[in-house]
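Commentary on secondary and tertiary structure
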Amino acid sequence: MRKIIVLSMISLDGIMQGPGGPGEDTSGGFKLGGWTVPFFDEEYGKVLAKQMQPADYLLGRKTFEIFENYWPEHGDFWPGINSGTKYVLSGSRDQSSWQNSIFLKDIAEIKKLKQTGGHDLHVYGSSELIQLLLEHDVADELWLKIYPVTLGQGKKLFGKGTFPGTFKVTESTITPSGVIIINYKRAGELVTGTVEL
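Our subject in this report is the structure included herewith. (Residues numbered from 1 in each chain as written. Predicted model: local features only at pLDDT ≥ 70, side-chain atom pairs only at ≥ 80, totals over all residues. Heavy atoms only, no water.)

Describing the side chain of Thr63
By the secondary structure assignment, Thr63 is in helix α2 (residues 61-68). Thr63 gets classed as buried once you look at its relative accessible area, which sits at 12%. Residues contacting Thr63, with those up to four places away along its chain left out, are Tyr124, Gly125 and Ser126. (Helix = DSSP H or I, 4+ residues; strand = E, 2+ residues; numbered from the N terminus. Buried < 20%, exposed > 50% of the residue type's maximum accessible area, 1.4 Å probe, protein only. Contact = heavy atoms within 4.5 Å.)

Focus on the nonpolar core
The tendency in soluble globular proteins is for nonpolar side chains to be buried side by side. Residues Tyr57, Phe67, Trp78, Tyr124 and Tyr147 are the most contacted members of the largest nonpolar core, which totals 28 residues. Of all the elements in the fold, those that place two or more residues in this core are β1 (4-11), α1 (42-51), β2 (56-60), α2 and β6 (141-147). For this core, the leading source of residues is α1, giving 3 residues. For Trp78, the residues in contact, after removing those within four places along its chain, are Met52, Tyr57, Phe67, Trp71 and Tyr124. Membership of the second largest hydrophobic core comes to 24 residues, among which are Leu89, Leu113, Leu134 and Val138. (Core = buried A, V, L, I, M, F, W, Y, C linked by side-chain atoms within 4.5 Å.)

As for the environment of Thr162
Mapped onto the elements, Thr162 comes out in the loop between β6 and β7 (166-174). A sequence separation of 83 residues divides Thr162 from Pro79, and the C-alpha atoms of the two residues are 32 Å apart. Setting aside residues no more than four positions away along its own chain, Thr162 makes contact with Gln131 and Leu134. Within the structure, the side chain of Thr162 is placed 3.0 Å from the backbone oxygen of Gly159, a separation counted as a polar contact. (Polar contact = N/O pair within 3.5 Å; in protein donor to acceptor, adjacent residues only side chain to side chain.)

By themselves, these observations are geometric and do not establish any function.
Put into structure tokens, the structure is as follows:
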């Protein structure tokens, strides 16, 4: 069985939109694209290189189209992105000229894919897909990069429908520029209690 791993860059107020550049995702009038760039440093680069090792990918259509227009010509920076299988959740597309692209229609197909053998599935961007995965409790790990900024607007990592649960920290570091890089693994159901004073 494959793991589904969500890799996301987020601000302190939970925004994940447009981290890489001004024109990356301007939907909803978002004008703060590229907010992660000033925080890149050597330590961050080492973690990024480790996380970008060959895998298979589970993407929403919008993120796929951003990737599809860029990575085929820049694969030397990201080993395996072109040869890895890209599984794309889309209700409007069913084919692409980008090699190894397979289109899925719904969460049932994602659940079936998760039960197959092969590389773990890395999820980048894809805010709507992430909401679906969290709602159906099929995200096994969250690899987060939390930046010391607040943005005040934009798409959030956690939205309505997130399935209640607990996670265990499996790895963490803080870069010299202040980015908290932390990996969480799904640990079970949410447990509540009462604080006795």
